[in-house]
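In case you want the letters, here they are:
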Amino acid sequence: AAGVIQSPRHLIKEKRETATLKCYPIPRHDTVYWYQQGPGQDPQFLISFYEKMQSDKGSIPDRFSAQQFSDYHSELNMSSLELGDSALYFCASSLAPDKETQYFGPGTRLLVL
Amino acid sequence: AQTVTQSQPEMSVQEAETVTLSCTYDTSENNYYLFWYKQPPSRQMILVIRQEAYKQQNATENRFSVNFQKAAKSFSLKISDSQLGDTAMYFCALPNAGNMLTFGGGTRLMVKP
């Protein structure tokens, strides 16, 4: 079965640069979630979209923005990168009405130098 | 605010034996879902099992089963016939009303040959 696709899988950036992470949900899934997992930590919710509209917002810095496109893929844009942004970024998707059951992608490892 | 607590940071089990991972939670919701996710060294987040709170029957997926005690707000994961591939970090997770997942701190499980 098709899974969630994330690209790139690894990304290295310098401080103050920008980064764009992409997520392609499982086909027909209408909801996308973004999570950030720092080293040795559990994943923290950033933001979610349902039917291309932002549905929930967590601890996402103002330097980050995201959107969901007409084909349901989503992008997380990160600007003015800081060392503390180094983390594993997960995208997950689900399908209404079973929105609670989220399937995760492999993650994008971001390293900010 | 809801919380998820995993009181066992690390556990180990001999191959072929049974191990139980603990999770307690707090929520004001009456109907909700609970999940266990597995994160192996590859750091992929893999859905292991889910439980619907309104169902009294404990969920089972092959060698994985849960002991769900709603009144006690307890949701433990039992792994039977442990295999080397079960070595991973295990996270208990609870979605809020907006389906944002709150994770416990994780339990690192080592299966020994």
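Residue indices follow the written sequence of each chain, beginning from 1 at its first position. Chains carry letters from A onward and ligands carry numbers from 1 onward, assigned in written order. Only residues with pLDDT of at least 70 get local features here, since the model is predicted, and only at 80 or more are side-chain atom pairs given and counted; chain-wide, interface and lining totals rely on the full set of residues. The side-chain figures draw on all heavy atoms in the structure; neither hydrogens nor water molecules are used.

*Asks:* Help me understand the side chain of A:S74 in this model?
*Replies:* Residues and elements named next belong to chain A. The way it works is that DSSP assigns letters per residue, a run of H or I at least four long becomes a helix, a run of E at least two long becomes a strand, and they are numbered from the N terminus. With respect to the element layout, S74 can be found in strand β8 (residues 74-78). At 2.9 Å, the side chain of S74 forms a polar contact with the side chain of W34. A polar side-chain atom of S74 sits 2.9 Å from the main-chain carbonyl oxygen of Q67. Contacts between residues were defined by any pair of non-hydrogen atoms, one from each residue, lying within 4.5 Å. The contacts of S74, once residues within four sequence positions are left out, are L21, K22, C23, V32, W34, F49, Q67 and Q68. Any pair of N or O atoms that falls within 3.5 Å is considered a polar contact. Within protein, one atom must be able to donate a hydrogen and the other to accept it, and sequence-neighbouring residues count only if both atoms are side-chain atoms.

*Asks:* What is the right way to read the pairing of strand β9 (residues 87-95) of chain A from this model?
*Replies:* Residues and elements named next belong to chain A. Exposure classes here rest on a 1.4 Å probe applied to the protein chains alone. A residue is buried below 20% of its type maximum, exposed above 50%, and partly exposed in between. Among the nine residues that make up β9, eight are buried, leaving the element largely enclosed by the rest of the structure. A strand pair is defined by DSSP finding two or more bridges across the two strands. Here seven bridges tie strand β4 (residues 31-37) to β9, and the two strands are oriented antiparallel to one another. Along β9, the bridge assignment pairs Q37 with L88. Relative to strand β11 (residues 108-112), β9 runs antiparallel, the two being bridged by three bridges. Bridging across to β11, L88 finds its partner in R109. Relative to strand β10 (residues 98-104), β9 is paired through three bridges, and the arrangement is antiparallel.

*Asks:* Sorry if this is basic, but what is going on with the interface of chain B and chain A here?
*Replies:* How large an interface is tends to be reported as the accessible area lost when its parts come together. On the side of chain A, 21 residues touch chain B, which itself brings 21 residues to the contact. Of the roughly 1,700 Å² buried where chain B meets chain A, counting both sides, 53% is carbon and sulfur surface. Salt bridges, as used here, are contacts in which a Lys or Arg side-chain nitrogen is within 4 Å of a carboxyl oxygen on Asp or Glu. Counting every contact that joins chain B to chain A gives zero salt bridges. Connecting chain B to chain A are eight residue pairs in polar contact (both at pLDDT 80 or more). Counting only elements with at least two residues in the side of chain B that touches chain A, the list comes to β5 (33-39), β6 (46-52), β10 (88-95) and β11 (101-103) of chain B. Top element by residues in the side of chain B that touches chain A is β5(B). It accounts for four residues. Buried area: the accessible area, evaluated with a 1.4 Å probe, that two parts lose upon being put together, summed over both parts.

*Asks:* Can you help me understand the nonpolar core in this one?
*Replies:* Grouped burial of nonpolar side chains is what soluble globular proteins tend to show. The criterion is simple. A nonpolar core is a set of buried Ala, Val, Leu, Ile, Met, Phe, Trp, Tyr and Cys residues joined through side-chain atoms within 4.5 Å. One finds B:Y25, B:W36, B:F75, B:L77 and B:Y90 to be the most contacted residues of the largest nonpolar core, which totals 25 residues. The set of elements that each furnish at least two residues to this core consists of β3 (19-21), β5, β6, β8 (64-69), β9 (74-79), β10 and β12 (107-112) of chain B. Among the elements that take part in this core, β10(B) stands out by supplying four residues, more than any other. What B:L77 contacts, discounting residues up to four positions off in sequence, is B:V19, B:T20, B:L21, B:W36, B:I49, B:F64, B:S65, B:V66 and B:Y90. Counting residues in hydrophobic clusters, the runner-up holds 22 residues, among them A:V4, A:C23, A:I26 and A:L110.

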